[in-house]
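Working through the structure, step by step
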Amino acid sequence: MLVLSQADVRTLLDLDLLVDALADAHAELTAGRASMPPRIAALVEQREGLLGVMPSYLPSAGLACKLVTLFPHNTDRETHQALICVFDPDNGTPLALMDGTYITATRTAAGSALATRLLAREDARVLAVLGTGVQARTHARAIPRVRPIEEIRVAGRDRARAEAFASEIGGIAVDSYAEAMRGADVVAATTHAVEPVVRREWVEPGVHVNSVGLKPAGREVDEQTVADATLVVESRDSALAPPPAGAPELAGIDPGHVHAELGELVTGAKPGRRSRDEITLYKSVGIAVQDAAAAALVLAAARDGAVGREIELEEAE
């Protein structure tokens, strides 16, 4: 079995290839060719933490399972940490064990980049990033790859952190989420917020919102924005399921309010943006086929470059 460290994965995972790989993965999922049960999790209530299990089979990527923890109070390490194991789909043999922390952060941003490519206005130039953590960084890197972003505004709970992050990415720190969203073409909401950081009174005509924050006890986007926006999800079954699989913002909504899955936009089964002033919302919960697609890219690149360490799980006879 091949073992790949986070340093290996960082070197091997190509973000541009990943956006395209996710497009293929979502098309397969929507077509019914993937197997992906809803995420389950063991809860650590005293820390508000969880250990999630995310298996999937994707014909183009193979058989994989991610173990992921979410501990939102971590300050000395990342709030999301993960491992991914890839198996041979012909016989079930474990093929690779790799860091999933970097993959989780990167594939989430790549999913938002794909949604932005499918839903944002072609001339989108102003990006508002809400949050200053790992996901904020990956989104600031991913979204300008699919739209001609000229200005990135950053807002967070801590102004000093927002200023440091904005300086790092060549952006502008602002005082509030409302100020960041004023006149923005694309929004990337990447928080652990309990109270909404995307509110309808701040959402202007024509904006595309990506919301990737997931906190079972809270919501990142307010109810009126969800009601008024053209809503797109990764998977209806996942997004509308109870936590820990689904999105708190979508609990109890009419399934008919979901305009499309990403895969339906990729294949053209459903239209993307239909007017310049349309408000579009991509609500992400993170799904296993995205991890499988990313892991397949990493494993292929590792084999091509002879990267990683081989270990034996079984003793030789």
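Being a predicted model, the structure only gives us computed values, none of them experimental. (Residues numbered from 1 in each chain as written. Predicted model: local features only at pLDDT ≥ 70, side-chain atom pairs only at ≥ 80, totals over all residues. Heavy atoms only, no water.)

Section: the layout of surface pockets
Which parts of space are left empty comes out when a probe the size of a water molecule is rolled across the atoms. By volume, the largest pocket amounts to about 1300 Å³. Of all the elements in the fold, those that place two or more residues in the lining of the largest pocket are strand 3 (49-58), strand 4 (62-70), helix 3 (101-119) and helix 4 (134-142). Looking at the lining of the largest pocket, the element that brings in the most residues is helix 3, giving five residues. Residue composition of the lining of the largest pocket, by class: 19 nonpolar, 20 polar and ten charged. Within this model, the second largest pocket holds a volume of roughly 260 Å³. Contributions of two or more residues to the lining of the second largest pocket are made by strand 2 (40-44) and strand 3. For the lining of the second largest pocket, the per-class residue count stands at ten nonpolar, two polar and three charged. (1 Å grid on protein atoms, 1.4 Å probe; cavity = no way out; pocket = protein on both sides within 12 Å on 5 of 7 lines; lining within 4 Å. Points joined across faces, edges and corners; volume = space filled by probe spheres on them. Helix = DSSP H or I, 4+ residues; strand = E, 2+ residues; numbered from the N terminus. Nonpolar A, V, L, I, M, F, W, Y, C, P; charged D, E, K, R; others polar.)

Concerning the nonpolar core
Among the nonpolar cores identified, the biggest contains 78 residues, and Met98, Leu130 and Val198 are the most heavily contacted of them. With near-sequence residues (within four places) excluded, Val198 lies in contact with Leu130, Met181, Ala189, Val203, Val209, Glu220, Val221, Asp222 and Thr225. Core analysis: the second largest hydrophobic core is formed by 16 residues, Ala124, Leu127, Phe165 and Ala173 among them. (Core = buried A, V, L, I, M, F, W, Y, C linked by side-chain atoms within 4.5 Å. Buried < 20%, exposed > 50% of the residue type's maximum accessible area, 1.4 Å probe, protein only. Contact = heavy atoms within 4.5 Å.)

A few points about a nonpolar patch on the surface
A cluster of nonpolar side chains, namely Leu51, Leu67 and Leu83, defines an oily patch on the protein surface of about 250 Å² accessible area. Within the fold, Leu67 resides in strand 4. (Patch = residues over 30% accessible without salt bridge, like charges linked within 9 Å, V, L, I, M, F, W, Y side chains within 5 Å. Areas by Shrake-Rupley, 256 points an atom, 1.4 Å probe, with all protein chains shown as cover. Salt bridge = Lys/Arg side-chain N within 4 Å of Asp/Glu carboxyl O.)

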